[in-house]
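Letter by letter, the chains look like this.
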Amino acid sequence: MTPGNGGGESSQEQKVEKERKRRRRRRKKKKEACQTRRVCSNLLAAWPEGEHPTPSPANNRLKTTKYTTLSFLPKNLFEQFHRLANVYFVFIALLNFVPAVNAFQPELALAPVLFILAVTALKDLWEDYSRYRSDQEINHMECLVYCRTERKYTTRYWKEVKVGDFIQLRCNEIIPADILLLSSSDPDGLCHIETANLDGETNLKQRQVVRGFLELDSEFDPLKFTSIIECEEPNNDLSRFRGFIVHNSGNKVALYKENLLLRGCTIRNTEEVSGIVIYAGHETKALLNNSGPRYKRSKLERQMNVDVLWCVLILIVMCLFSAVGHGIWVWQYGDKKKPVFEVPGPSGNYWSPSQAAFYLFLTMIIVFQVLIPISLYVSIEIVKICQVFFIHQDKDLFDEETEVQLQCRALNITEDLGQIQYILSDKTGTLTENKMVFRRCTVSGIEYSHDANAKRIAMYQEADSEDDETAAKAGTLTQRDSISSHQSVKVVHRNQSTKSHRRTGSRVEAKRASILSKHTAFSSPMEKDITPDPNLLQKVNECASYLEITRSHDRPLSQLSPELSDIFDFFIALTICNTVVVTSPNQPRQKVRLRFELKSPVKTIEDFIRRLTPSRLTSGSNSSSSSSLAASKSTQRAGSSMILSASTESTLLKLEETLTNSSQVNNNGYSSQQPKTSGNGPGEGELRYEAESPDEAALVYAARAYDCALVGRLPDQVSIELPHLGRLTFELLHILGFDSIRKRMSVVVRHPLTDEINVYTKGADSVIMDLLLPCSSGDPRDKHQKKIRSKTQTFLNLYAADGLRTLCIAKKVLSKEDYSSWLKSHIEAESSIDNREELLFQSAVRVETDLHLLGATGIEDRLQDGVPETIANLRKAGLQIWVLTGDKQETAINIAYACKLLDHDEEIITLNADSPEMCATLLEQHLHCIESKFSNEAAEKYTQNSEVKFTPLCVPSSLVHPRLGLVVDGRTLAYALDKGLEEKFLLLARRCRSVLCCRSTPIQKGMVVKLVRDKLRTMTLAIGDGANDVSMIQVADIGVGISGPEGMQAVMASDFAIPKFRHLEKLLLVHGHWCYSRLANMVLYFFYKNA
């Protein structure tokens, strides 16, 4: 009986637990439903009251002003009275209106207070009026909005756009709101946007029409759009957008960030696009990210408030002393005859001693009010504004190359620039130019030094050191040639751009667009004009010639030697393993596009099967006519309806048979004819590459130097041009994008020569080397592979020693069974709404294993001009400089030597630990070594006090040894930032002249800055140029962003923005010193004058 009862109780508990889980799920779903937005078309018939999916759609009006005509006076006074000093001054002025205690004429006492309030109010009014004028200019820009009554797109102002409206945009127009892309004039459903207004990046980014709308038989009609869009609530995450469209049939289609056009971006490369507004006005991602100037309280202002408080205490003590003395003096007279200066009250009676003391206390407050400077606050504000004006007018802080000047985004902390003690800096793009130049490579264990290319780069460096005017007149290098190539279309394109922007009412933006459209990111002559290595070029030509001879064979690649096969795949990977967009210089920002039949990327297993059918492959030639395209389209639609009716299981069972049949068709994969291009083809002008990062551009330009050129990219295929072979078209099945955790990116393609499914991967060597296929000891091939890996690792160490950024290139061939099983899980991850990012990450990790190493590259990131001199001068001024970078240790150390952060006569302490225990041991050993070797009285005194608390003052010079440098890798830094070890780590770091943290993540950068700021209680400055530096910029007392090619995320989060790192020297040592000196002396003078 007992066991039975126990079993019943356990089953009952399980039921209760299941019921609890169900309730939790329901609550979670309800919570998620509350956090989602439902958007429907505004063109539909009137909804019943209370049933509209979007009850109160937001309008697109931009309002950055704080006041209105009616609210200005009360609201401004309310804000000014937040300053207790203003409340105190008004209280003193009103106290003068009390006859019993007044010391001055009441009207005269009120005049200074009213003057101060009026000056501050006028300043706030002018600032707000400037914002109002800017808002009006933007709100009255025009766009095309679909009108239900007129059944066409009509012109409206931006401020009249609402969520649910349909917008039509044309080339070079600015996007007025966050729009879901539903239609594009591009036959492949593509739209290219330029995000320079949003993040400063001038490279193009692809956007895709929502899946399902590209296959429409007729042109998109907004009146027929009856679906409901469910998406996330407005947020400021530019890199994420999640949601889905619910059609009337109940089908759901997932939405991605590639389907969203963000406000402030510019349409490029596309004649016409249409979409529905998802977020408008202040709900758009652009406006949610733009917090405007940041207002902080400076250290001087905080100290000044403490001084004012002391003055108030002194004032109260003086008034109390006077009141008590007066009360005792009155009490001594008693009932005797009062002195002649004693005035009776209104009733004719004299006050009692206590009353006399109280009234005199208030009177003395009025008399001694000058002890607190009434005009100090408004004077400080005026001085700060003047200081910001002087900083902006400094020509030395203007960069002529980029035409960018310093920005003061935080107006209240200019004096803190003169009190900085610690500078924590990023490396890539901050100390370096972020111009990635291909230098060397190793393929199949053989190194190619590219000596001629090194000489070419040396020539550029010599030319950069000459005078700018001489270089401009002489046309140094090939820069003038590249500029002259634009002259033929310069005027035409400018007129077109200006005309299109007159519609929007913004001539300034038209001028900006015409300028930006002539420039391509990461495409300077130094970056793209690469001189090939003769030995490698000879092998590439040998490989191409051999393939040309064996092109008729079933498996031409199998006839190549392992070395030539690796070389072939190496350059294929360099060319296609990226997201680079191809453009033509003869038509700026116009895509050189190939008219292929492939339309949509692989989204389902049925799509994959349709791609591999014989009819699909044979119709893939570039010379196919429009009639054959139309016929194949109808065939695909008919076939898709039949395939979709089958179950997924039967589809997977037929996959192997389909793959086998498809491999017998079009084996060679070559295109005998050159493809037709819209506009100018490659023969009429040099192709340009619009890359999202300088690393991608450098590798694509390097491959082009060996005649392996990227010539076209569509959502589902990539076309390359090879020597002796012509054009090859790879079917692009999947792109597994780069992320900071995996530290790699991959593309899954179908090879046109072998019909195999290949995975090409590039990434950090520390990651790729761990993902390679394990080698057995007995197999001769595996022994050869071990040698190649060993040699490659040796060359990688040499590249790092030379300060080069290293990337490994690898490949994997997927079998049909492996791909089909992986595809099923990957499609589930892509179609998932919850935890999509995590599932996609796991899916990518699953396929990026057992790789075959092809080779590695070494890319140089040049130092910015003046960086070594700037670091040396900042050190002479007593500032401590730490560098936090994500680069590998060897590369970071060599860059540190080049920029004089580390000196060759320094003793370098290197912390590389595999566990917290090992990290603690290393810290203790090095601390003991330093104390025994460089001990002195100050160090001993500090060591005794450091166990209790950290000193709030600056670092004593006796504690910093001038011949010590500290280098920490990312894993050890994670251990060192633990609560138990952070004090030891900080104690060791304080003893060193330089600190270099390698392989550090953005979160670790912020943690290091916070540790230095809070534990040492010193003024910290963080400087960076990319989104990965935002964390430390926001944590530091002063954040400085660099307006570089990585975008404007760092600038938007910063207090000050500078064009180059070298400008930091004058900003801190000159303007910072002047600002602090002026304000400090002025505050002292005011207290001296008044007290």
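Here the structure is shown first, and the text comes after it.
Heads up: these notes are all about the structure in this document. (Residues numbered from 1 in each chain as written. Predicted model: local features only at pLDDT ≥ 70, side-chain atom pairs only at ≥ 80, totals over all residues. Heavy atoms only, no water.)

This brings us to the overall build of the chain. Regarding its fold elements, the chain presents 36 helices and 37 strands. Taken over 1091 residues, the chain has a buried fraction of 51%. With an accessible surface of roughly 51,200 Å², the chain has 55% of that area assigned to carbon and sulfur atoms. (Helix = DSSP H or I, 4+ residues; strand = E, 2+ residues; numbered from the N terminus. Buried < 20%, exposed > 50% of the residue type's maximum accessible area, 1.4 Å probe, protein only. Areas by Shrake-Rupley, 256 points an atom, 1.4 Å probe, with all protein chains shown as cover.)

The description of two aromatic rings rests on the distance between their centres and on the angle between their planes. Taken as a whole and judged by the stated rule, the model has 17 aromatic pairs. Ring centres of Trp126 and Tyr129 lie 6.3 Å apart, and the angle between their planes is 40°; on these two criteria the pair is classed as tilted. Residue Trp126 and its partner Tyr129 are located together in helix H4 (residues 106-139), separated by three residues, close to a single helical turn. A centroid spacing of 5.4 Å and a plane angle of 90° characterise the contact between Phe570 and Phe571, whose relative ring orientation is edge-to-face. The exposure class assigned to Phe570 is buried, which follows from its relative accessible area of 0%. Linked through ring pairs, Phe166, Phe213, Phe220 and Phe225 together constitute an aromatic cluster. (Phe/Tyr/Trp six-rings, centres within 6.5 Å; stacked < 30°, edge-to-face > 60°.)

On the surface, a nonpolar cluster with roughly 560 Å² of combined accessible area is contributed by Val306, Leu309, Trp310, Leu313, Ile316 and Leu320. Among the residues examined, Leu320 registers a relative accessible area of 44% and is labelled partly exposed. (Patch = residues over 30% accessible without salt bridge, like charges linked within 9 Å, V, L, I, M, F, W, Y side chains within 5 Å. Salt bridge = Lys/Arg side-chain N within 4 Å of Asp/Glu carboxyl O.)

Phi at Arg151 takes a positive value of approximately 55°, unusual for a residue other than glycine. When you line up the elements, Arg151 lands in the loop between strand S2 (142-147) and strand S3 (152-157). We note that Asp850 has phi near 55°; this positive angle belongs to a residue other than glycine. Mapping Asp850 onto the fold places it in the loop between helix H26 (836-847) and strand S30 (852-863).

What follows covers the packing of helix H27 (residues 867-876) against helix H36 (residues 1063-1090). Two packed helices can be described by the angle between their axes and the distance between those axes. The interhelical angle for the contact between H27 and H36, taken along N-to-C directions, is 20°, at an axis separation of 9 Å. Judged on the interaxial angle alone, H36 and H27 are roughly parallel. In this structure, H27 crosses over H36, and the sense of that crossing is left-handed. In contact with Thr870, Asn873 and Leu874 of H27, H36 contributes Leu1064, Glu1065, Leu1068 and Leu1069. (Axes fitted to C-alpha atoms, helices over the stretch in contact; angles between N-to-C directions. Parallel < 35°, antiparallel > 145°, perpendicular 65-115°, else oblique. Left-handed = near helix turned anticlockwise from the far one by under 90°. Contact = heavy atoms within 4.5 Å.)

So, on to the nonpolar core. Of all hydrophobic cores here, the largest spans 55 residues; its most connected members are Phe568, Phe571, Ile576 and Ile720. With nine residues, the single largest contributor to this core is helix H17 (residues 562-576). (Core = buried A, V, L, I, M, F, W, Y, C linked by side-chain atoms within 4.5 Å.)

A few words now on H17. Over its 15 residues, H17 extends 21 Å from the first C-alpha to the last, a length consistent with the 21 Å expected when each residue adds 1.5 Å. Buried residues dominate H17, accounting for 13 of its 15 residues. (Expected span 1.5 Å × (residues − 1).)

Here we have four strands laid out as an open sheet, ordered S1-S8-S9-S10, and antiparallel in their pairing. Whereas interior strands pair on both sides, the edge strands pair on one side only; in this sheet they are strand S1 (36-39) and strand S10 (252-255). Across the sheet, the mean angle from the axis of one strand to that of its neighbour is 20°, orientation sign disregarded. Note that strand S9 (residues 243-246) and S10 share four bridges and pair antiparallel. Note on S10: the bridge partner recorded for Ile245 is Val253. (Pairing = 2+ DSSP bridges.)

Let's shift gears to the packing of helix H25 (residues 816-831) against H26. One way to put it is that H25 packs onto H26 with a least axis distance of 8 Å and a crossing angle of 160°. Classified by the angle between their axes, H25 and H26 sit roughly antiparallel to one another. Crossing geometry of H25 relative to H26 is assigned as left-handed. Two secondary-structure elements touch here, H25 through Trp822, Ser825, His826, Ala829 and Glu830 and H26 through Arg836, Leu839, Leu840, Ser843, Arg846 and Val847. Its residues assigned to classes, the contact of H25 with H26 comprises five nonpolar, three polar and three charged. (Nonpolar A, V, L, I, M, F, W, Y, C, P; charged D, E, K, R; others polar.)

Turning to a positive patch on the surface, a few remarks are in order. Together, Lys783, Lys786, Lys787 and Lys791 give the surface a local cluster of positive charge. Counting through the fold element by element, Lys786 comes out in helix H24 (residues 780-801). We classify Lys786 as partly exposed; its relative accessible area is 44%. (Lys, Arg positive; Asp, Glu negative; His and termini not counted. Charge placed at Lys NZ, Arg CZ, Asp CG, Glu CD.)

With that settled, consider the pattern of salt bridges. Tallying each qualifying case throughout the model produces 32 salt bridges. Residue Lys123 is joined to Asp124 by a salt bridge in which the shortest nitrogen-to-oxygen separation is 3.4 Å. One continuous salt-bridge network, built from bridges that share partners, spans Lys123, Asp124 and Glu381.

Moving on: the pairing of strand S8 (residues 228-232). For S8, the buried fraction is high: four of the five residues fall into the buried class. Pairing between S1 and S8: four bridges, direction antiparallel. Bridge pairing in S8 links Val39 to Ile229. Alignment of S8 against S9, held across four bridges, turns out to be antiparallel. In the strand pairing of S9, Glu230 is matched with Phe244.

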